[in-house]
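Here are the chains, one letter per residue:
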Amino acid sequence: MTRAKDISKIVTDADLSGTLDVAGAVTVGSGSNTTISIDSSSAFDASLTTDGANQALNIIGTNNSSNGNVYIKTGGTGTPLTRARFNPNGDISFYEDTGTTPKLFWDASAESLGIGNSSPTNVLEISANSTNNGMLINNTSTGSPARITLTNDEGSGFIDQNNNLLRFNQSGSTDVVIDSSGNLLVGSTSITTGTLGS
């Protein structure tokens, strides 16, 4: 195929089949709603790839802080649904099944992640508006605890579930336990008849 520095000098409107081999940059359109369409008659055939060592595929939206978004959309029929949006300021949104509401949101300036919340005010914020929705921590290794560890410059502690005991541990010592019968144990992991704790 013939190569040229400026393909616009060859064609102004083209419908090509096969391979377009271009050295250098290609600019498509200069107005609004410019579209590059990649069609395939077979399933899972259309792709955009890089070919070469140490190559990177860059998808760049350049405009201003409000309009330079990059969207990923899907949809076989009708209007494509938004699945992800990358904002020029670094914010990233992933949308629910209808493509209308972001349900996983990264706030770049605040360095905060919201799940079910597009305006997180903490480093990690999880929100739900239906019954029995929340966070599950599951350790599938037999006999190993499911644990949340809390730490700062003064020390660390954890809350875990293991051997049918809900344990509250501070600086390596298990201080409070709730057993499978609902007994509250302070300073002990088992209960003696007539004694609360140790």
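Residues numbered from 1 in each chain as written. Predicted model: local features only at pLDDT ≥ 70, side-chain atom pairs only at ≥ 80, totals over all residues. Heavy atoms only, no water.

A. Here's a closer look at unusual backbone geometry. A positive phi angle, near 50 degrees, is found at E111, a position not held by glycine. Along the chain, E111 falls in the loop between β4 (102-107) and β5 (112-115). At N163, a residue that is not glycine, the phi angle is positive and equals roughly 50 degrees. Within the fold, N163 resides in the loop between β8 (155-162) and β9 (165-170). For N163, a relative accessible area of 61% corresponds to the exposed category. (Helix = DSSP H or I, 4+ residues; strand = E, 2+ residues; numbered from the N terminus. Buried < 20%, exposed > 50% of the residue type's maximum accessible area, 1.4 Å probe, protein only.)

B. Spatial organisation of the confidence of the model for the chain. Mean pLDDT over the chain works out to 80, with 80% of the residues at or above the 70 mark. Put simply, strand β10 (residues 173-178) is where the chain has its lowest mean pLDDT, 88, and strand β3 (residues 92-95) is where it has its highest, 96. (pLDDT = per-residue confidence, 0-100.)

C. Just the sheet that holds β8, in detail. Spatially, β7-β8-β9-β10-β11 is the arrangement adopted by the five strands of the open sheet, whose pairing is antiparallel. Lying at the two open borders of the sheet, with one neighbouring strand each, are β7 (146-152) and β11 (184-186). Averaged over all pairs of adjacent strands, the angle between strand axes in this sheet comes to 15 degrees, irrespective of strand direction. In this structure, β9 lies alongside β10, joined through five bridges in antiparallel fashion. Among the inter-strand pairings, L166 is bridged to a residue of β10, identified as I178. (Pairing = 2+ DSSP bridges. Axes fitted to C-alpha atoms, helices over the stretch in contact; angles between N-to-C directions.)

D. Structural detail: the pattern of salt bridges. Using the criterion set out here, one finds two salt bridges in the structure. We note a salt bridge from R147 to D160, for which the minimum N-O separation is 2.8 Å. With R147 in strand β7 and D160 in strand β8, this pair connects stretches of sequence that are 13 residues apart. Taken together, the shared-partner salt bridges in this structure form one network comprising R147, D160 and R167. (Salt bridge = Lys/Arg side-chain N within 4 Å of Asp/Glu carboxyl O.)

E. Quick look at the packing of aromatic side chains. Tallied over the entire structure, the rule returns one aromatic pair. Where F86 meets F94, the ring centres are 6.5 Å apart and the plane angle is 80 degrees; that geometry is what we call edge-to-face. The exposure class of F94 is partly exposed, given its relative accessible area of 39%. Positioned above the aromatic ring of Y71 is the side chain of K73, whose terminal nitrogen or guanidinium carbon lies 5.2 Å from the ring centre. It is R147 that lies over the ring of F158; its NZ or CZ is 3.8 Å from the centre. (Phe/Tyr/Trp six-rings, centres within 6.5 Å; stacked < 30°, edge-to-face > 60°. Lys NZ or Arg CZ within 6 Å of the ring centre and 35° of its normal.)

F. The arrangement of the environment of R167 in detail. With respect to the element layout, R167 can be found in strand β9. Separated by 11 residues in the primary sequence, R167 and I178 have C-alpha atoms spaced 6.6 Å apart. Sequence-distant contacts of R167, that is, excluding residues within four places in its chain, are made with P145, R147, F158, I159, D160, N162, T174, V176 and V177. Of note is the side chain of R167, whose polar atom sits 2.6 Å from the side chain of D160. (Contact = heavy atoms within 4.5 Å. Polar contact = N/O pair within 3.5 Å; in protein donor to acceptor, adjacent residues only side chain to side chain.)

G. Just the sheet that holds β3, in detail. Taken in spatial order, the six strands of this open sheet run β1-β2-β3-β4-β5-β6, and their pairing is mixed. Edge positions in the sheet fall to β1 (70-74) and β6 (124-126), since each of these pairs with one other strand and no more. Shown here is a sheet whose adjacent strand axes are inclined to one another by a mean of 15 degrees, direction ignored. Pairing analysis gives three bridges linking β5 to β6, with the strands arranged parallel. Bridging across to β6, I115 finds its partner in I126.

H. Structural view of the side chain of E96. Residue placement: E96 occurs in the loop between β3 and β4. Among buried charged residues, E96 stands out as having no salt bridge; its nearest opposite-charge side chain is R83, 6.0 Å away. Within the structure, E96 has its side chain in polar contact with the side chain of T98 (distance 2.4 Å). Excluding residues that lie within four positions of it along the chain, E96 makes contacts with R83, T101 and K103. (Lys, Arg positive; Asp, Glu negative; His and termini not counted.)

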